[in-house]
Amino acid sequence: MQRSSRRGRPLIGRPRDETEFREFAAGFTSTLLRAAYLLLGDRDAAEDAAQTVLFRTLRRWDRARAAPEAYSRRVLLNVCRDQWRDLRRHPRSALDNPHATLEVGASPVESVAQRLALQDGLAALASQQREVLVLRFFLDLSVQQTARLLDVPEGTVKSATSRGLAALRVLLCEQPLEVPDA
Amino acid sequence: MPDHAQLEEALTHQLHACTDGLSPRNDLAERAITRHHRARRRTQLAGATAVVAAVAAGVVATGAVGGSQATSIPGSGGPTVPRTAIAPMTHTLDTAYIVSRVRAHLAHLAIAGKGQILEKTSTIGNGTADSPVVHNTDRAYIDPRSGVAYQRSVDSSANGTTLSINELVTTPDNGVLHTRITFLDPLQHTYFTPRNVSAPPGGSVASATSSTQLGIKSTARQIDQALSSNTVKQTGTATIDGQSTIKLSVAPAPQLVKAGLPRQTTITLYVNAQTYQPIKEVEVVPDVHDPSAGRNTSTSTWLPTTAATIALTKLQIPVGYKQVSGPLSGYWTNKKPLFFIGY
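This one's a predicted model, so the numbers in the text were calculated from it and none came from an experiment. (Residues numbered from 1 in each chain as written. Chains lettered and ligands numbered in written order. Predicted model: local features only at pLDDT ≥ 70, side-chain atom pairs only at ≥ 80, totals over all residues. Heavy atoms only, no water.)

J.: Go over the overall build of chain B, please, and point to the residues and values.
T.: Along its length, chain B carries six helices and 15 strands. The buried share of chain B, reckoned over its 343 residues, is 41%. Split by element, the accessible area of chain B, about 17800 Å² in all, is 55% carbon and sulfur. (Helix = DSSP H or I, 4+ residues; strand = E, 2+ residues; numbered from the N terminus. Buried < 20%, exposed > 50% of the residue type's maximum accessible area, 1.4 Å probe, protein only. Areas by Shrake-Rupley, 256 points an atom, 1.4 Å probe, with all protein chains shown as cover.)

Here it is as structure tokens:
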């Protein structure tokens, strides 16, 4: 039986809860941060989002513990949607935010250009298309899992995938994505 | 043009590849736990306050029902139970987390410093005949493309009269910094350009110029030193030029205290509440040897880079000013030689 307060709030703080949470965080924070970065296109905003996701997941650990990755993915979407709206209202210039882009000093110029083109391409997509592409092709969720997470029909996921890819194809036509060697 | 399946495969590959270099801070989970404990304590405290308020309201209501005319409010529809005092859940971040983000910006400023405009204002003098009040404003900018550093310094008196203006333009060239200095005397309508001086990067270029030392990188490094001393407190929020900022109170760095900075010096740093970029720093240095001399206050502000603010770092010789070949007279004769540390 879950421990809870009179108002139904979970009483987290037991050592076992925190141990479980730490184990989850150790394995999944990197994925959360990277997904947030893809959704937001801003490193600082992604770090904020990842920290908020961890905090909110821990706050509801009694609910999240059964499937913390799925729970945190849903929280991530909500947090990123909030932050995306905020970033659109108050866009951060490179000057405001010198760490806005990833620093991959050793990357060749072409791959950096490609990466920036991909970030720009993702940013230019409709939010649902961007979410669907990140969920499906970065977090490797199936159409069914993505539909459940976004609370939309599977057909919507399929059409958003198709339209998102088509839009990316147009946006990236000048900087085509490199197809990896088989 | 790749087909649909190839594009999916390429996208999967690129989404992973382009975030490969991104790794989370090691302590994000611990910070979430700490933040959770704090939030829980706040909620518990708010709950206790609400109980006290409810009990108090019950006492008042009981008094009203008991016939006390003094507590009866006509037309109020009965006793009003006060709203509970549960504090809203705010997006409060750890001070340590904020400090780490601020230090990342400062590191960028300290290493690169380019594309930033730093304005430093200070007031010296205690208003006596020997030490008149002089306000100084320095603005510096390093062009991100050429690496050329511009600094303009203006001294004005307590009544607002401009006493002196000077400009330093420092150009890096094969490991040597060439500095061109121009002094402008607005009282005599003259200007003076001594021979150029050079110094290796990292060295100081001595010149009889400004009454303050301004360095885009060194200022960032000094603030970073203070932040690293782990004596930082969040003391509130403020709005500066329309930006929401977090106010941090910072103790002076032990290294600087050892070097002679009074321990009582107070440093207040304002950082953007969203990006954590430093916006403004205010230092108040008391004169511990002569309390009657008051306090020396200097303010550093990172200005947005626009054509207008860049222009503030450069000097245009006004029409009609006459070039002179020797040091300027009047106000300049009383100025002590100081050093420029632009880089």
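J.: So, the overall build of chain A: which residues are in play, and what are the values?
T.: Along its length, chain A carries eight helices and zero strands. When the helices and strands of chain A are listed from N to C terminus, the series reads α-α-α-α-α-α-α-α. Looking at the 182 residues of chain A, the share that counts as buried comes to 47%. The contacts in chain A between residues at least 6 apart in sequence include a share of 68% that link residues at least 24 apart. Looking at chain A as shown, the accessible area adds up to about 9100 Å², and 49% of this sits on carbon and sulfur atoms. (Contact = heavy atoms within 4.5 Å.)

J.: Could you give an account of the side chain of S153(B), with specific residues and numbers?
T.: Within the secondary structure, S153(B) is located in strand 3 (residues 149–157). A polar side-chain atom of S153(B) sits 3.1 Å from a polar atom in the side chain of N136(B). (Polar contact = N/O pair within 3.5 Å; in protein donor to acceptor, adjacent residues only side chain to side chain.)

J.: Any details on the packing of helix 6 (residues 127–137) of chain A against helix 7 (residues 143–150) of chain A? Residues and values, ideally.
T.: Residues and elements named next belong to chain A. In contact at an axis separation of 10 Å, helix 6 and helix 7 are set at 135 degrees when each is read in the N-to-C sense. Classified by the angle between their axes, helix 6 and helix 7 sit oblique to one another. The element helix 6 and its partner helix 7 pack so that their crossing is right-handed. In this structure, helix 6 uses E131, V132, L135 and R136 to contact helix 7, whose residues at the interface are V143, T146, L149 and L150. Per-class residue counts for the contact of helix 6 with helix 7 are five nonpolar, one polar and two charged. (Axes fitted to C-alpha atoms, helices over the stretch in contact; angles between N-to-C directions. Parallel < 35°, antiparallel > 145°, perpendicular 65-115°, else oblique. Left-handed = near helix turned anticlockwise from the far one by under 90°. Nonpolar A, V, L, I, M, F, W, Y, C, P; charged D, E, K, R; others polar.)

J.: Residue-level account of helix 1 (residues 4–17) of chain B, with values.
T.: All names here are of chain B. Under the 1.5 Å per step criterion, the end-to-end length of helix 1 is 20 Å for 14 residues, consistent within 8% with the ideal 20 Å. The complete set of buried residues in helix 1 reads L7, A10, L11, Q14 and L15. Mapping the buried residues of helix 1 onto a view down its axis gives an arc of 130 degrees, with all of them on the same face. (Expected span 1.5 Å × (residues − 1). Arc of directions from axis to C-beta.)

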